[in-house]
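Examining the three-dimensional arrangement
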Amino acid sequence: QVQLVESGGGLVQAGGSLRPSCAASGINYSVNVMGWYRQAPGKQRELVAAITRGGSINSADAVKGRFTLSRDSAKNTVYLQMNSLRPEDTAVYYCSARLLTTTPILWGQGTQVTVSS
């Protein structure tokens, strides 16, 4: 059974940095797409950034220039370097994985990121 294990969320002051990571376990091939979504209270879940097996990245305009997504395909692990954090980045961040192009998205349990002003 495939599981997504997240770590690295937390509380930080505005302008600070965090680097959550997510590892997919229980799989013996490279996952097609991995990434992060976030959901703030009262809002819909939205894409933060996603990266394909080939290294193509799609990211939200709100995080461009501040967040960097990277991937270790051999380990099926992604890292989200979040710099210059703002209070509006406060949300539960969910790791996501689409194992193949035709399979549904799998979700991690979520990790809280709180940015204080």
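So, here's what we can say about the structure.

Describing the overall build of the protein chain
What the protein chain contains, in helices and strands, is zero helices and eleven strands. Going residue by residue from the N terminus, the α and β elements of the protein chain occur as β-β-β-β-β-β-β-β-β-β-β. With the principal axes as the frame, the protein chain shows a C-alpha extent of 40 × 25 × 20 Å. Expressed as a percentage of contacts within the protein chain between residues at least 6 apart in sequence, the contacts between residues at least 24 apart total 54%. Counting every atom, the protein chain has about 6,200 Å² of accessible surface; 48% of that belongs to carbon and sulfur. Averaged over its 11 positive side-chain charges, the protein chain has a centre that lies 5 Å from the centre of its 6 negative ones.

Thoughts on the state of the cysteines
If you walk through the whole model with that rule in mind, you get one disulfide. Each disulfide pairs two cysteine sulfurs, and for Cys22 the partner residue is Cys95, the sulfurs being separated by 2.0 Å. Looking along the S-S bond of the Cys22-Cys95 disulfide, the torsion reads about -80 degrees, which is the left-handed sense. Of this pair, Cys22 sits in strand β3 (residues 21-25) while Cys95 sits in strand β9 (residues 91-98); the two residues are 73 residues apart in sequence, bridging distant segments of the chain. Classification of Cys95 as buried rests on a relative accessible area of 0%.

A closer look at the side chain of Arg38
As for its placement among the helices and strands, Arg38 is situated in strand β4 (residues 33-39). There is a polar contact of 2.8 Å between the side chain of Arg38 and the side chain of Glu46. Polar contacts involving the side chain of Arg38 include one to the side chain of Tyr93, which spans 2.9 Å. Apart from residues lying up to four places away in sequence, Arg38 is in contact with Gln44, Arg45, Glu46, Val48, Ala62, Val63, Phe67, Asp89, Ala91, Val92 and Tyr93.

Notes on the packing of aromatic side chains
Taken as a whole, this structure holds one aromatic pair when the rule is applied. Ring centres of Tyr37 and Trp107 lie 5.0 Å apart, and the angle between their planes is 75 degrees; on these two criteria the pair is classed as edge-to-face. In this pair, Tyr37 sits in strand β4 while Trp107 sits in strand β10 (residues 106-107), placing the two residues 70 residues apart along the sequence. The class for Trp107 is partly exposed, based on a relative accessible area of 37%.

Rules used in this analysis
Residues numbered from 1 in each chain as written. Predicted model: local features only at pLDDT ≥ 70, side-chain atom pairs only at ≥ 80, totals over all residues. Heavy atoms only, no water. Helix = DSSP H or I, 4+ residues; strand = E, 2+ residues; numbered from the N terminus. Contact = heavy atoms within 4.5 Å. Areas by Shrake-Rupley, 256 points an atom, 1.4 Å probe, with all protein chains shown as cover. Lys, Arg positive; Asp, Glu negative; His and termini not counted. Charge placed at Lys NZ, Arg CZ, Asp CG, Glu CD. Disulfide = S-S within 2.5 Å. Buried < 20%, exposed > 50% of the residue type's maximum accessible area, 1.4 Å probe, protein only. Polar contact = N/O pair within 3.5 Å; in protein donor to acceptor, adjacent residues only side chain to side chain. Phe/Tyr/Trp six-rings, centres within 6.5 Å; stacked < 30°, edge-to-face > 60°.

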